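Report on the structure
So the chains spell out like this:
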Amino acid sequence: MDEKKKVIFSGIQPSGNLTIGNYLGALKNWVKLQDEYDCYYCVVDLHAITVRQEPKELRRRTLEVLAIYLAAGLDPEKNTLFIQSHVPAHSEGAWLLNCFTYLGELGRMTQYKDKSQRYGDSISAGLLNYPVLMAADILLYNADLVPVGIDQKQHLELTRDIAERFNKLFSPTFNIPEPYIPETGTKIMDLQEPTKKMSKSADNPNSYILILDPPDVIRKKISRAVTDSLGTVKYSDEQPGVKNLMTILNALTGMTMEQIEKKYEGQGYAQFKLDVADAIVTELEPIQKRIKEILDDKEYLENIYKKGAEKANYVASKTIRKMQKKIGFIPR
Ligand code: AMP
Ligand code: TRP
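Quantities reported herein were computed from a predicted structural model and do not represent experimental measurements. (Residues numbered from 1 in each chain as written. Chains lettered and ligands numbered in written order. Predicted model: local features only at pLDDT ≥ 70, side-chain atom pairs only at ≥ 80, totals over all residues. Heavy atoms only, no water.)

Points about the overall build of the protein
- When helices and strands are tallied, the protein shows 13 helices and five strands.
- In terms of principal-axis extent, the alpha carbons of the protein reach across some 75 × 45 × 45 Å.
- Here the protein holds 332 residues, and the buried ones make up 48% of them.
- Taking as baseline every contact in the protein between residues at least 6 positions apart, the subset at least 24 positions apart corresponds to 75%.
- For the protein, the exposed area adds up to about 16,900 Å²; of that, 52% sits on carbon and sulfur atoms.
- When the 45 basic and 44 acidic side-chain charges of the protein are each reduced to a single mean position, those positions are 4 Å apart. (Helix = DSSP H or I, 4+ residues; strand = E, 2+ residues; numbered from the N terminus. Buried < 20%, exposed > 50% of the residue type's maximum accessible area, 1.4 Å probe, protein only. Contact = heavy atoms within 4.5 Å. Areas by Shrake-Rupley, 256 points an atom, 1.4 Å probe, with all protein chains shown as cover. Lys, Arg positive; Asp, Glu negative; His and termini not counted. Charge placed at Lys NZ, Arg CZ, Asp CG, Glu CD.)

Now the structure itself:
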């Protein structure tokens, strides 16, 4: 008998250009999961508007992120790929769950605390409620596993707390999801300040490599990546810049750290950096070509997100009805 596959849910916000951090830390892993799991991958545009977005840019980026999902190898036949705002259950579910979430819990979220420092009193209520929307995303599909970076772990813990509270208050409704954090190797660091995570929002473009950076830009950025004066390719916390470049090479080529150390023994950094840049270009060039092709074929893209939304809508609205019934709303 066919055993029911476990469910995975994850999403990326269309709020900036995606980096190789997103690719190596998220997308490349998602592709590996598509056969074994029933996966929902969403472009979380409702989350993106928690900070100001230019409407035209938001539209462009939303489609671009979806094209990147596809070009990275996510098969629309195997995965449910969709745009969050196309499934109204996400907004509805977030409201319902908001009423079972405490202000204290939300105020304790590190991401909110960081952002509220930046925006002060004019921080949007959306930023406070952001993790509740994320909880709705996950719980509506009864996800078992949620692949996220370590920075999102706290939001996932809150999701579990909200789910448990709802289950206890009414009756078992939600599956309690587990985080699925890729092994340590895949956190990609800032190329200029290699003790910080590579982020699309860094001020200096030399800090990150975008999935859509042209080959000459990639080569230039890698040649400028901060290393150290030790001159040996060694996987060590004392050499965070070199360690990061090794992580990238390992993630792209599968070479182990020992193999990399051995290959570049006694050679300084020049050839090592050239090879890291080459590995990135080799990986990204075909993906970039696919992204352009997909974006040029709006009909293909439209077909995929419509089909995805239909499937997601079916599953998510069933969960909403279940929640409404338990809460005490009159069935429609
Ligand atoms: P974000 O860009 O922060 O919205 O993250 C989207 C997804 O990409 C999350 O699963 C992150 O954990 C992952 N991600 C973002 N930046 C990095 C990075 N520098 N290294 C590894 N994974 C990352
Ligand atoms: N908050 C996540 C991030 O910034 C994006 C996200 C929204 C998400 N909803 C989700 C991730 C549900 C996993 C599951 O990375």
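This is not the end of the story, as more comes after the structure.
A word on the domain arrangement of the protein
- If you check the domain split of the protein, you get domain 1 (7-186 + 298-327) and domain 2 (205-292).
- Of the residues lining the interface, 15 residues belong to domain 1; the matching set on domain 2 comes to 15 residues.
- Across the interface of domain 1 and domain 2, roughly 1,300 Å² is buried in total on both sides, 75% from carbon and sulfur atoms.
- Of all residues in domain 1, I20, Y23 and A71 give up the largest surface area on contact with domain 2, accounting jointly for 37% of the area buried on that side.
- At the boundary of domain 1 with domain 2, the tally comes to one salt bridge.
- With its nearest N and O atoms 3.0 Å apart, the salt bridge here joins E283 to K28.
- Here domain 1 is connected to domain 2 by four residue pairs in polar contact (both at pLDDT 80 or more). (Domains from an automatic or database assignment. Buried area = accessible area lost by both parts, 1.4 Å probe. Salt bridge = Lys/Arg side-chain N within 4 Å of Asp/Glu carboxyl O. Polar contact = N/O pair within 3.5 Å; in protein donor to acceptor, adjacent residues only side chain to side chain.)

Focus: the site of ligand 1
- As a matter of local geometry, ligand 1 sits amid 14 residues, with N22, G149, I188, M198 and K200 nearest to it.
- For ligand 1, an oxygen atom lies 2.8 Å from a polar atom in the side chain of N22.
- Within the backbone of G149, one N or O atom sits 2.9 Å away from an oxygen atom of ligand 1.
- When the free accessible area of ligand 1 is taken as 480 Å², the share hidden by the protein chains comes to 86%. (Near = heavy atom within 4 Å.)

Considerations on helix α9 (residues 215-223)
- Here α9 has its buried residues at I218, K221 and I222. For α9, the angular spread of the buried residues around the axis is 95 degrees, confining them to a single face.
- Where α9 is buried, its residues touch α10 (240-253) and α12 (270-296). (Arc of directions from axis to C-beta.)

A word on the pattern of salt bridges
- One pass over the full model with this rule turns up 18 salt bridges.
- Ionic contacts of the salt-bridge type, sharing partners, join the residues E57, R60, R61 and E64 into one network.

What to know about the UniProt feature "binding site: L-tryptophan" (unreviewed entry) in the protein
- UniProt records the feature "binding site: L-tryptophan" (unreviewed entry) at D137, using the numbering of this structure.
- Position of D137 relative to the elements: it lies in helix α7 (residues 125-140).
- When its relative accessible area of 3% is taken as the criterion, D137 is described as buried.
- What D137 contacts, discounting residues up to four positions off in sequence, is F9, V44, H47, Q84 and H90. (UniProt positions renumbered as here; feature names shortened; annotations may be inferred.)

Regarding the site of ligand 2
- In the neighbourhood of ligand 2, 13 residues make up the surrounding shell, with Q13, Y130, M134, D137 and Q152 lying closest.
- In this structure, an oxygen atom belonging to ligand 2 sits 3.4 Å away from a side-chain N or O atom of Q13.
- In the model, a nitrogen atom of ligand 2 is placed 2.7 Å from a nitrogen or oxygen of the Y130 side chain.
- Alone, ligand 2 offers 370 Å² of accessible surface; in the complex the protein occludes 89% of this.
- At the level of secondary structure, the elements contributing two or more residues to the shell around ligand 2 comprise β1 (7-12) and α7.
- With four residues, the top contributor of residues to the shell around ligand 2 is α7.
- Across the shell around ligand 2, the residue classes break down as seven nonpolar, five polar and one charged. (Nonpolar A, V, L, I, M, F, W, Y, C, P; charged D, E, K, R; others polar.)

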